[in-house]
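The residues making up each chain are set out below.
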Amino acid sequence: MPITQPQHRPPQDLGCPMLQIATGCSHGKCRFCSIFDGVPFAPAPAHEVTADIVEIARTATSTTRRIYLTGGNPFALPTRRLIEVFDEVECHIPQVNSYGGFCRIIDVAHKTDADLAKLAARGVNDITIGAESGFDEALAFMEKGHTAADIVEQARRLREAGIEFTFFYLVGMAGAGRGQENAIATARAFSAAHPKRILAVCMTPSPKWPLTADIRSGRWVPPTEVEMAQEIRTFIEHLDCECTVDCSHDTDIIRFEGGIPHNKQGMLELLDNRIPKMNERAARRMREMLHHATF
Ligand code: SF4
């Protein structure tokens, strides 16, 4: 089955073959998302999954060890179906021993500890989670469908099952004037959750998002570029779990990557040096042009 929907993949999975086992997103309500607009969440037909596995096997090499499961949240599928797919993959490509893809915090909550242990044993690891923020007010406004407490609790269960995870952090999600609150609450929740990696992405509103109506009505006001950079600085300052912070997405104006705790001071010094030199208009213009944004 051709992969027709846009796919957001974390940088660490860009080299993996993609396998579509589900389409759409089972949530589909986040106000900052239009990726799967009009595409209901559904498992891909079994015969199409089989055909795709055979196709991947044709070009697989001895280094094809990991498969990226596409879609908004393929791990929402029942564990039984996921294991069936893994069996089929490994029947055709026996060297595969690792699976990744997007997973919602609530998908983890819907799995039992025994499910998580089974998935871990079959190679599910380094999954990607759009945690986005640890600030409950922003999470609720954006209809993300989880709270900061959910993030911490489900992360604990993943860690106990031996499944590592990467978090997306949506900088600016709380809107103008709330960046510092968002940074501190998110650093607190993420530090407790202890992701392996944090990918920071700056809020870049698209005309297709439900949030556009909130911007037009004044219910939500985008933060400035400088406020978002200051939010990132405060987030890093308060982050105290061992992890990598990757701030090199094309929505990020000041780009860098480093580890916490050993590169924390260096990242703060970089931001302290660069933030006062930021050109608000140029930074905004760049993001408008790259993403057809509606600020
Ligand atoms: S959970 Fe992810 S894919 Fe689904 S609506 Fe929210 S941001 Fe979009």
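Located above this text is the structure these notes cover.
Report follows, based on the coordinates. (Residues numbered from 1 in each chain as written. Predicted model: local features only at pLDDT ≥ 70, side-chain atom pairs only at ≥ 80, totals over all residues. Heavy atoms only, no water.)

Here's the deal with the packing of helix α9 (residues 225-238) against helix α11 (residues 280-291)
Reasoning step 1: Orientation of α9 relative to α11, taken along the N-to-C sense of each, is 90°, at an axis distance of 9 Å. By the criterion of interaxial angle, the relationship of α9 to α11 is roughly perpendicular. In contact with E225, V226 and M228 of α9, α11 contributes E280, A283, R284 and R287.
Reasoning step 2: Taken together, the residues of the contact of α9 with α11 sort by class into 3 nonpolar, no polar and 4 charged. (Axes fitted to C-alpha atoms, helices over the stretch in contact; angles between N-to-C directions. Helix = DSSP H or I, 4+ residues; strand = E, 2+ residues; numbered from the N terminus. Parallel < 35°, antiparallel > 145°, perpendicular 65-115°, else oblique. Contact = heavy atoms within 4.5 Å. Nonpolar A, V, L, I, M, F, W, Y, C, P; charged D, E, K, R; others polar.)

Notes on the layout of surface pockets
Reasoning step 1: Empty space within the largest pocket amounts to approximately 1,300 Å³.
Reasoning step 2: Around the largest pocket, the lining comprises 49 residues; the ones closest to its centre are H8, F32, C33, I35 and W209.
Reasoning step 3: Breaking the lining of the largest pocket down by element, the ones donating at least two residues are β6 (127-132), β7 (165-171) and β8 (197-202).
Reasoning step 4: At 4 residues, the largest contribution of residues to the lining of the largest pocket is made by β8.
Reasoning step 5: Its residues placed into classes, the lining of the largest pocket shows 24 nonpolar, 15 polar and 10 charged. (1 Å grid on protein atoms, 1.4 Å probe; cavity = no way out; pocket = protein on both sides within 12 Å on 5 of 7 lines; lining within 4 Å. Points joined across faces, edges and corners; volume = space filled by probe spheres on them.)

Concerning the packing of helix α7 (residues 179-193) against α9
Reasoning step 1: Close contact between α7 and α9 brings their axes to 8 Å; oriented N to C, the two are set at 30°. The angle between α7 and α9 places the two elements in the roughly parallel class. As for the relative orientation of α7 and α9, their crossing is right-handed in sense. On α9, the residues touching G179, Q180, N182, A183, I184, T186, A187, F190 and S191 of α7 are E227, Q230, E231, T234, F235 and H238.
Reasoning step 2: The class makeup of the residues in the contact of α7 with α9 is 5 nonpolar, 8 polar and 2 charged. (Left-handed = near helix turned anticlockwise from the far one by under 90°.)

Here we look at the environment of E143
Reasoning step 1: Its location among the elements puts E143 in the loop between α5 (136-141) and α6 (148-161).
Reasoning step 2: Under the relative-accessibility criterion, E143 is labelled partly exposed at 35%.
Reasoning step 3: The spacing of E143 and G28 is 115 residues in sequence and 9.5 Å in space, taken between C-alpha atoms.
Reasoning step 4: Once residues lying within four places of it in the same chain are set aside, the contact partners of E143 are H27, K29, C30 and R31. (Buried < 20%, exposed > 50% of the residue type's maximum accessible area, 1.4 Å probe, protein only.)

Observations concerning the nonpolar core
Reasoning step 1: Membership of the largest hydrophobic core comes to 85 residues, with the highest contact counts inside it found for L19, F190, M203 and I236.
Reasoning step 2: In contact with I236, not counting residues within four places along its chain, are V245, F256, I260, K264, M267, L268 and L271. (Core = buried A, V, L, I, M, F, W, Y, C linked by side-chain atoms within 4.5 Å.)

On their own, these measurements won't tell you what the molecule is for.
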